[in-house]
Amino acid sequence: RRVRESNPRRFLSVVFSRTLASAGKELNDNFLKALAEREEANRSGKMTSVIFIRDYNTLGQEVSGYIDYAHRLKTQDFEPYFCGKKRLMPGPSDLCYYNWKTQTSTSNSSPNFEVIYDDPNGLLFKSKRDKTMLNPWSGSNGDSSGTLLQSDLYVHVVLYDRSVRTF
């Protein structure tokens, strides 16, 4: 029996979630290794990771932003990142994005996180699943932890991991 898929984005999401993009790749960078270690848990929903990246775009402009890794895994093919053909960079559609040269700033909620940018404690990401807060500027992130990674590919990378609580 053949099922016809009417939504191509949904089809791509299903295809990307069946195979680990990092499988069988020789990864030499600490950041890519860390992403590979988290890929299966983020795809399966056992974990959500927020990636902070600060680096220079193809125009030489410094950009920084927060990326919902689980959401990106569902909407993009990560094979080019793990193969070294493409660099993972924050963009205007991610949780937060800032271009230091143009002073362009955006924030967007994702299926996993609501962005709270007007809190007195600073920028917060509220989990849509268990309502807990991730505060990248504080050491009190509940069960999340910020891991600063040394990378040969990026100026600054931090991973914030959250075990997903199920009720």
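Residues numbered from 1 in each chain as written. Predicted model: local features only at pLDDT ≥ 70, side-chain atom pairs only at ≥ 80, totals over all residues. Heavy atoms only, no water.

With an unreviewed UniProt entry as reference, the chain is termed Cilia- and flagella-associated protein 299, source organism Xiphophorus maculatus. You can read under Function (unreviewed entry) in the UniProt record for the chain the words "May be involved in spermatogenesis." (UniProt positions renumbered as here; feature names shortened; annotations may be inferred.)

Caption draft 1: Up close: the pairing of strand S2 (residues 62-68). Where burial is concerned, most of S2 is hidden: seven out of the seven residues are buried. Side chains of S2 alternate between two faces, with Glu62, Ser64, Tyr66 and Asp68 and Val63, Gly65 and Ile67 buried alike. Connecting strand S1 (residues 47-56) to the next strand, S2, in antiparallel fashion are five residues, including Gly60 with a positive phi near 80 degrees. Bridging between S2 and strand S3 (residues 96-99) involves four bridges; their strand directions are antiparallel. Its bridge partner lying in S3, Tyr66 is registered against Cys96. (Buried < 20%, exposed > 50% of the residue type's maximum accessible area, 1.4 Å probe, protein only. Helix = DSSP H or I, 4+ residues; strand = E, 2+ residues; numbered from the N terminus. Pairing = 2+ DSSP bridges.)

Caption draft 2: Inspection of the environment of Phe78 at higher detail. In this structure, Phe78 sits in the loop between helix H3 (69-75) and helix H4 (79-83). You can call Phe78 buried: its relative accessible area is 1%. Taking the C-alpha atoms as reference points, Phe78 and Leu88, 10 residues apart in sequence, are found 8.7 Å from one another. Residues contacting Phe78, with those up to four places away along its chain left out, are Ala21, Tyr69, Arg72, Leu73 and Leu88. (Contact = heavy atoms within 4.5 Å.)

Caption draft 3: How the structure looks around helix H2 (residues 30-44). Between its first and last C-alpha atoms H2 spans 22 Å; for 15 residues at 1.5 Å apiece the expected length is 21 Å, and the two agree. At Arg38, H2 is deflected by roughly 45 degrees, the largest bend along its length. Considered for burial, the residues of H2 that qualify are Phe31, Leu32, Ala34, Leu35, Ala36, Arg38, Glu39, Asn42 and Arg43. Two or three places before Phe31, at the opening of H2, Asp29 has a side-chain oxygen 3.0 Å from that residue's backbone nitrogen. Positive phi appears at Gly45, one or two residues downstream of H2, with a value of about 90 degrees. (Expected span 1.5 Å × (residues − 1). Bend = angle between axes of the 7 residues up to and from the residue. Polar contact = N/O pair within 3.5 Å; in protein donor to acceptor, adjacent residues only side chain to side chain.)

Caption draft 4: Seen up close, unusual backbone geometry. Unlike most non-glycine residues, Gln103 shows phi in positive territory, near 60 degrees. Relative to the elements of secondary structure, Gln103 occurs in the loop between S3 and strand S4 (104-107). For Lys131, which is not glycine, the phi dihedral falls at a positive 70 degrees. The topology assignment puts Lys131 in the loop between strand S6 (124-127) and strand S7 (133-134).

Caption draft 5: Up close: the nonpolar core. The biggest cluster of nonpolar side chains holds 23 residues, and the ones touching the most others in it are Phe31, Leu35, Ile51, Phe78, Phe82 and Leu88. Secondary-structure elements contributing two or more residues to this core are H2, S1, S2, H3, H4 and strand S9 (156-163). Setting aside chain neighbours within four positions, we find Ile51 in contact with Phe31, Leu35, Gly65, Tyr66, Ile67, Tyr69, Leu88, Val158 and Leu159. Within the second largest apolar cluster, 12 residues are counted, among which are Tyr66, Val115, Leu123 and Phe125. (Core = buried A, V, L, I, M, F, W, Y, C linked by side-chain atoms within 4.5 Å.)

Caption draft 6: Spatial organisation of the pattern of salt bridges. Tallied over the entire structure, the rule returns six salt bridges. Its salt-bridge partner being Lys25, residue Glu79 comes within 2.8 Å of it at the nearest N-O pair. Note that Glu79 is positioned in helix H4 and Lys25 in the loop between helix H1 (8-18) and H2, a separation of 54 residues in sequence. The class for Glu79 is partly exposed, based on a relative accessible area of 31%. (Salt bridge = Lys/Arg side-chain N within 4 Å of Asp/Glu carboxyl O.)

Caption draft 7: Focus on the sheet that holds S6. Taken together, three strands build an open sheet; the order of strands is S5-S6-S7 and the sheet is antiparallel. Two strands close off the open sheet at either side, each with one partner strand: strand S5 (113-116) and S7. Here S5 pairs with S6 via four bridges, running antiparallel. Across the sheet, Val115 pairs through a bridge with Phe125, a residue of S6.

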